[in-house]
Amino acid sequence: MKLSKPWGVQAKILLVFTAINIVATAAYTLFVYQLKTDGIYEAADASLRAGAHAVPRMLPAGYLDQPLQAAPPAQYKEHARALYHYSQQAGLRYVYAFVQENSQSPVRYLADAASVAEIRAHRYGQFLQTYLKPPPELLQTFRDGQQHVAEYTDQFGQFRSLFVPGVRQDGVRYVIGADIDLAYLQARRQDALYASLLIGAGIFGLSLLLSWWVARNLTRPVLALLRVTERITHGDYAARASVHHHGQDEVAQLAAGLNAMGEAIAQREQAMLQLIYRDKLTGLGNRLALDEALSTALAGQHSGVLMLVHLDRLRAINDLLGFAAGDTVLQVTTARLSALWPHDSQVHRLSGPHEGRVHRLGGNVFALLVTDMPTLDNAALYQHISQALEGEPFTLDDQRIDLTVTLGIVRFPLHGKLAGMLLRHAEVALYTAKQAHKPWSEYSAERVVSRREQLSLLGELRRAIEQHELHVFYQPQVGIAHGELVQAEALLRWLHPERGWVPPSAFIPFAEQTGRIRMLTDWLLHQVAQQVAAWRASGTPLTMSVNVAIHDLEDPDFAARVAAALQRHGALAQDMCLEITEGGLMADPAQTHTTLNTLHHAGHRMAIDDFGTGYSSLAYLSRLPVNELKIDRSFIIDLNPHNRSIVLSTISLGHALELDVVAEGVETEAQLRELAALGCDVVQGYWVARPMPCDAFNRWRADWRASTWPTSGTLG
Ligand code: C2E
Ligand code: CA
Ligand code: CA
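The subject of this paragraph is the sheet that holds strand β5 (residues 173-181). Strands sit in the order β2-β1-β5-β4-β3 across an open sheet of 5 strands; the sheet is antiparallel. The open sheet terminates on both sides in strands that have one partner only, identified here as β2 (108-112) and β3 (148-154). For this sheet, the mean angle separating the axes of adjacent strands, direction not counted, is 30°. Where strand β1 (residues 94-100) lies against β2, 4 bridges are found, and the strand directions are antiparallel. Across the sheet, residue Tyr96 finds its bridge partner in β2, namely Asp112. Against the sheet, helix α2 (residues 76-90) contacts β1 and β2, and its axis sits at roughly 65° relative to β2.

Tallied over the entire structure, the rule returns 25 salt bridges. Between Arg81 and Glu78 there is a salt bridge whose closest N-O contact spans 2.7 Å. Here Arg81 and its partner Glu78 are both found in helix α2, 3 residues apart, which amounts to about one turn of the helix. Overall, the relative accessible area of 41% leaves Glu78 in the partly exposed class. The shortest N-O distance in the salt bridge between Glu469 and Arg463 comes to 3.2 Å. It is possible to trace a salt-bridge network through shared partners that takes in Arg518, Asp522, Asp552, Asp555 and Arg561.

Moving on to the site of ligand 1. For ligand 1, the set of nearby residues contains 21 residues, the closest of which are Gln475, Arg493, Asp609, Glu667 and Tyr686. Gln475 places a polar side-chain atom, nitrogen or oxygen, 2.8 Å from a nitrogen atom of ligand 1. Contacts to ligand 1 include Asp610, whose side-chain N or O atom sits 3.3 Å from an oxygen atom. Isolated, ligand 1 exposes 790 Å² of accessible area, and the fraction of that covered by the protein chains is 85%. Elements with a minimum of two residues in the shell around ligand 1: β14 (485-496), α13 (504-513), β18 (605-611) and α20 (633-637). In terms of residues, the shell around ligand 1 owes the most to one element, β14, which gives 4 residues.

Ranked by size, the top nonpolar core spans 77 residues in total, and within it Leu520, Met576, Val647, Leu675 and Val683 carry the most contacts. Of the residues forming this core, the biggest block, 11 residues, is contributed by helix α14 (residues 517-537). Setting aside residues no more than four positions away along its own chain, Val683 makes contact with Pro476, Gln477, Val478, Ile480, Ala663, Val666, Leu672, Leu675, Val688 and Trp709. The next biggest cluster of nonpolar side chains, apart from the first, holds 53 residues, and it includes Val55, Ala80, Tyr174 and Ile176.

Their axes nearest at 9 Å, the elements helix α7 (residues 287-299) and helix α11 (residues 419-435) cross at an angle of 115°. For the element pair α7 and α11, the recorded crossing hand is right-handed. Between α7 and α11, the contacting residues are Arg287, Leu290, Asp291, Leu294, Ser295 and Leu298 on the first element and Ala419, Gly420, Leu422, Leu423 and Glu427 on the second. Among the residues making up the contact of α7 with α11, the classes are represented as 6 nonpolar, 2 polar and 3 charged.

Moving on to the side chain of Asp575. Summarising the element assignment, Asp575 is placed in the loop between α16 (558-569) and β17 (576-581). A polar atom in the side chain of Asp575 sits 2.7 Å from the side chain of Arg536.

Now for the pairing of β1. Counting buried residues along β1, 7 of its 7 residues qualify, which places the element largely inside the surrounding structure. By the alternation rule, side chains of β1 split into Tyr94, Tyr96, Phe98 and Gln100 and Val95, Ala97 and Val99, which are all buried. Of the pairings in the sheet, the one linking β1 to β5 comprises 7 bridges and is antiparallel in character. Residue pairing for β5: Phe98 is matched across the bridge by Val175.

The next thing to look at is helix α23 (residues 694-703). Of the positions making up α23, those classed as buried are Ala696, Phe697 and Trp700. Along the long axis of α23, the arc covered by the buried residues comes to 100°, so they all point the same way. Looking at the buried positions of α23, the neighbouring elements they touch are β13 (470-479), β14, α14 and β22 (692-693).

All right, on to the coordination of the calcium ion (ligand 3) then. Each protein donor to the calcium ion (ligand 3) is listed here as Asp609 (OD), Asp610 (OD), Glu664 (OE) and Glu664 (OE); together their distances run 2.2 to 2.4 Å. Look at where the donors of the calcium ion (ligand 3) fall in the sequence and you get D-D-x53-E. By relative accessible area, Asp610 is classed as partly exposed at 22%. For Glu664, a relative accessible area of 6% corresponds to the buried category.

Pairing between the strands of a sheet comes from backbone hydrogen bonds, and it takes one of two forms, parallel or antiparallel. Here we have 5 strands laid out as an open sheet, ordered β7-β8-β6-β11-β12, and mixed in their pairing. With partners counted over all chains shown, the strands left at the sheet margins are β7 (358-360) and β12 (440-442), one partner each. Between one strand axis and the next, the sheet turns through 20° on average, direction left out of account. When β7 meets strand β8 (residues 365-371), the two strands line up antiparallel, connected through 3 bridges. Across the sheet, the residue bridging to Val358 is Leu368, located in β8. This element, helix α9 (residues 323-338), spans β6 (304-311), β7 and β8 of the sheet and lies at about 10° to β8.

A cis amide bond links Phe412 with the next residue in sequence, Pro413, at an omega value of 10°. Within the element layout of this structure, Pro413 appears in the loop between β11 (405-412) and α11. Phi is positive for Leu128, close to 65°, though the residue is something other than glycine. Structurally, Leu128 can be placed in the loop between α3 (116-120) and α4 (136-144).

Before going further, it helps to spend a moment on α14. An ideal rise of 1.5 Å per residue puts 30 Å on 21 residues; α14 measures up with 30 Å between its terminal C-alpha atoms. Note on α14: the residue one or two positions beyond its end, Gly539, has a positive phi of about 80°.

Across the protein chain, the average pLDDT comes to 85, with 91% of residues at 70 or higher. In the model, residues 343-355 has pLDDT below 50 throughout and makes 31 contacts with residues more than four positions away in sequence or in other chains.

In this sheet, strand β4 (residues 157-167) lies alongside β3 in antiparallel orientation, the contact comprising 7 bridges. Bridge pairing in β4 places Thr153 opposite Gln158. Here β3 folds back onto β4, and the loop between the two strands holds 2 residues.

Time to look at the packing of aromatic side chains. Tallied over the full model, the rule gives 19 aromatic pairs. Ring centres of Tyr76 and Phe127 lie 5.7 Å apart, and the angle between their planes is 70°; this geometry places the pair in the edge-to-face category. Of this pair, Tyr76 sits in helix α2 while Phe127 sits in the loop between α3 and α4, placing them 51 residues apart in sequence. Of the two residues, Tyr76 and Phe127, both sit in the buried class. We note Arg701 situated over the ring of Trp535; from NZ or CZ to the ring centre the distance is 5.5 Å.

The rules behind each value
- Residues numbered from 1 in each chain as written.
- Chains lettered and ligands numbered in written order.
- Predicted model: local features only at pLDDT ≥ 70, side-chain atom pairs only at ≥ 80, totals over all residues.
- Heavy atoms only, no water.
- Pairing = 2+ DSSP bridges.
- Helix = DSSP H or I, 4+ residues; strand = E, 2+ residues; numbered from the N terminus.
- Axes fitted to C-alpha atoms, helices over the stretch in contact; angles between N-to-C directions.
- Contact = heavy atoms within 4.5 Å.
- Salt bridge = Lys/Arg side-chain N within 4 Å of Asp/Glu carboxyl O.
- Buried < 20%, exposed > 50% of the residue type's maximum accessible area, 1.4 Å probe, protein only.
- Near = heavy atom within 4 Å.
- Polar contact = N/O pair within 3.5 Å; in protein donor to acceptor, adjacent residues only side chain to side chain.
- Areas by Shrake-Rupley, 256 points an atom, 1.4 Å probe, with all protein chains shown as cover.
- Core = buried A, V, L, I, M, F, W, Y, C linked by side-chain atoms within 4.5 Å.
- Left-handed = near helix turned anticlockwise from the far one by under 90°.
- Nonpolar A, V, L, I, M, F, W, Y, C, P; charged D, E, K, R; others polar.
- Arc of directions from axis to C-beta.
- Donors = N, O, S within 2.8 Å, 3.2 Å for Na, K, Ca; no water.
- Expected span 1.5 Å × (residues − 1).
- pLDDT = per-residue confidence, 0-100.
- Phe/Tyr/Trp six-rings, centres within 6.5 Å; stacked < 30°, edge-to-face > 60°.
- Lys NZ or Arg CZ within 6 Å of the ring centre and 35° of its normal.

Take a look at the structure:
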C-alpha cells in the first residue's frame with residue numbers, strides 16, 4: 001500500500017496559505033493606495049485653500065474692491081507674475097480672482113497668475129476679460145456664495161480647482177480660485193499606486209516565505225509520521241515516531257498513538273506467530289515450524305539429521321505424579337535438548353523467525369533438527385542425546401525421574417527431499433524402534449517392507465485361530481526354597497504353515513496396536529480355563545498365569561470376558577492368575593483400577609509383570625490388589641552389581657507390600673543361588689524348564705522331582 005505522496009500535504013497547506021495571502025495582500029495594497037490617494041487629494045486641497053486665502057493678501061489693499069469701470073491697474077502684469085511665482089512655490093498651477101456683477105453678466109478676471117512667457121504670449125486673463133465657458137461649479141459659487149471644488153478642462157489645461165467666494169464693498173460678489181494640475185495629481189496617484197504595489201509585492205513575498213516555512217514545519221512531523229505509518233504497513237513494526245520532537249501538541253499525541261499502535265500490532269503479530277508456530281508449554285516451535293525449518297534446510301542444500309525423540313515414560317509420569325509433573329518433565333527435556341551441541345561450530349544452527357533445532361510435535365514427541373553435522377552414527381547420536389537427558393538425575397515428589405527416550409532417525413537428503421516426507425519417514429522409524437523395543441531406529445525402505453510383512457501376518461491371525469495354528473505353551477514356576485511347582489505361565493505360540501514357529505514378539509505387539517489382541521486373548525482364556533478345569537478335575541490343580549495386554553485392561557468388559565471363559569469350562573477364578581505389565585497399569589488408571597478390583601474380588605491372583613522396566617511408584621502399587629511381583633528377566637540374565645541392587649530392593653519392596661516375588665529368566669544355577677540368597681520366593685526360567693506344549697508339560701510335571709533341588713536344605 002502506498003500512502004499519499006509526502007509532497008501532498010505540504011503543497012496543499014502552501015496552496016491555502018498562498019490563496020489567503022493573495023487576498024490579504026490585494027486588500028492591503030488597495031487600502032494603502034486608497035490612503036495615499038486620499039493623502040494626495042487632501043494635500044492638494046490644503047494647497048488650494050492656502051492659495052485661495054493667500055491671493056487677497058498678495059494683492060494691494062482694496063484691489064478687489066476697485067471700481068469695475070476703471071482702467072486696468074498699472075501693475076496688473078506685475079501682480080500676474082507675483083501670483084504665478086506664488087503658485088509655483090505653493091505647488092499650484094494658477095491662482096486668480098473673478099468677478100460677476102450680476103447673475104446675467106459674464107464672469108470676468110479681476111486678477112490672474114501668468115508666467116513671463118505667458119504674459120509675452122498674452123495667454124492669460126487680462127483685467128476684466130471675460131472668462132469663456134466657466135465651469136458650472138464656479139457659477140454655482142457666484143450663485144450660492146459657497147466654496148466649491150471642480151475638476152474640469154479649459155483652454156489652459158486640466159485642473160482641479162477650489163473656488164472661494166467673497167463680497168466687495170459695493171456688494172458685488174467675487175471668487176478667488178486656485179488650480180492644481182490634474183496631470184500632476186494623476187502622476188502623484190500613479191506614484192502612490194506603484195509604491196503600494198511595491199509594498200504589496202514585498203509583503204506578499206515575505207508572507208509567501210513565511211507560509212512555506214510554516215507549512216514545512218507543520219508538515220514535517222506529519223510527514224515523519226506518514227513515513228513511520230508506511231514502514232508499519234510494510235511490516236516494519238519496530239518503526240517508531242520520535243515523540244519528544246513535537247512537545248505536547250496534537251502531533252506529539254498522534255506520534256505517541258502511532259507508536260502504541262505499532263507496538264500493539266507487533267505484539268499481536270508476535271502472539272499470532274506464537275499461536276501458529278509455537279508450542280505453548282515449552283515455547284518450542286511446533287510441527288508447522290519444523291516443517292518450515294526443514295523446508296529451509298532442504299532448500300539451502302543442507303544435509304543433516306532429523307530425529308524424533310520420544311519420551312518413553314511421560315504417560316506414566318502424568319498418571320502417577322500428575323500433569324504438573326509431566327509438564328516439568330517436558331520443560332526439563334526441552335532445556336536439555338536445547339543445550340545439545342551448544343558450542344560446536346561445525347553444527348549449523350538454522351536462523352530465522354521460526355527455526356530452531358528443537359521442536360515439540362505434541363504429546364511426548366520432540367524433534368531435533370541438526371544440519372551440516374559431522375557424521376555421527378546412530379549409536380553415537382543416541383548416546384549423545386541420552387547422556388544429555390540422563391546425565392544429571394532429577395527428582396519429582398522424591399521420585400527419581402529417568403528421561404529415557406526412543407529415537408526415530410532420518411537423514412536428509414538421503415531419506416527424502418521434501419519436509420513432509422522426511423517427517424513421515426521419521427515417524428515410521430520411531431514406530432519401528434518402539435515396536436522392536438529398541439532405543440533407536442533409522443528409517444529404511446526395506447524395514448517398511450518387513451513391516452508390511454508383519455501386517456500380512458496380522459491378516460492371517462484370524463485364520464490362524466480357525467485353522468488351529470495357535471498353541472499354548474506352559475512354563476513352570478517353582479518355589480526357590482524347595483523347588484516345588486507353584487504355578488505356570490501360559491505363553492502363546494503360533495505354528496505358521498510356511499514360517500514355522502512365530503515368536504509372540506512378532507505378532508503380539510501388532511495385534512495390540514490394531515486391537516486384534518482381543519481375539520487372541522479370548523482364545524487363550526478359553527484354552528487356559530479348559531486346561532485348569534481339567535487339572536482340577538483330575539485332582540492335580542495348578543494356577544496358570546495369563547498375560548493381559550494393555551488393550552484388554554482398557555476394555556470395561558474384560559472382567560466379564562474372563563468370567564465367561566471360566567464359567568464355560570467350569571474353571572475356578574483361583575486357578576487363573578493375571579499378569580499385568582507396568583505399562584498396562586498406566587494406560588487408563590481409572591478403568592484399570594475398576595477391572596483389577598473386579599477380578600480380585602472374583603478370586604483371581606494378580607501379578608505385576610516385567611517389574612523394574614516401568615515406572616510404578618511404591619505408593620501406587622500399595623493401592624493395587626496385587627499378589628505377585630515378577631522381576632523382569634533382563635535384570636536376572638545380567639546380574640551385575642547394579643542389577644543385583646535393583647533386584648534386592650525389588651524383593652524387599654515386594655515383601656514390604658506382602659507380595660510374592662518371582663524372578664524370570666533364570667538360566668543358570670548360579671543365578672538361582674544368588675536369587676535364593678537375596679530372598680526371592682519363586683523362579684521361572686530355562687534352567688527349570690522351557691515353555692512346553694501341554695502334554696510335554698504334563699510329562700515334565702510328572703517327572704519333576706523337587707528333592708533334587710540344589711538349594712534344598714541349604715535354605716529354610
Ligand atoms: P513375558 O510375559 O515376560 O513372558 C516371559 C518370556 O520370557 C517368554 O517369552 C518366555 O519364553 C521367556 N523366558 C522364560 N524363561 C526364560 C529364560 O530363562 N531366559 C530367557 N531368555 N527367556 C525366558 P515369549 O514366550 O517369547 O513371550 C514373550 C512375551 O510375549 C511375553 O513376555 C509376553 O509379554 C508376551 N506374550 C506371550 N504370550 C502372550 C499371551 O498369551 N498374551 C499376551 N498378551 N502376551 C503374551
Ligand atoms: Ca508374563
Ligand atoms: Ca515377564
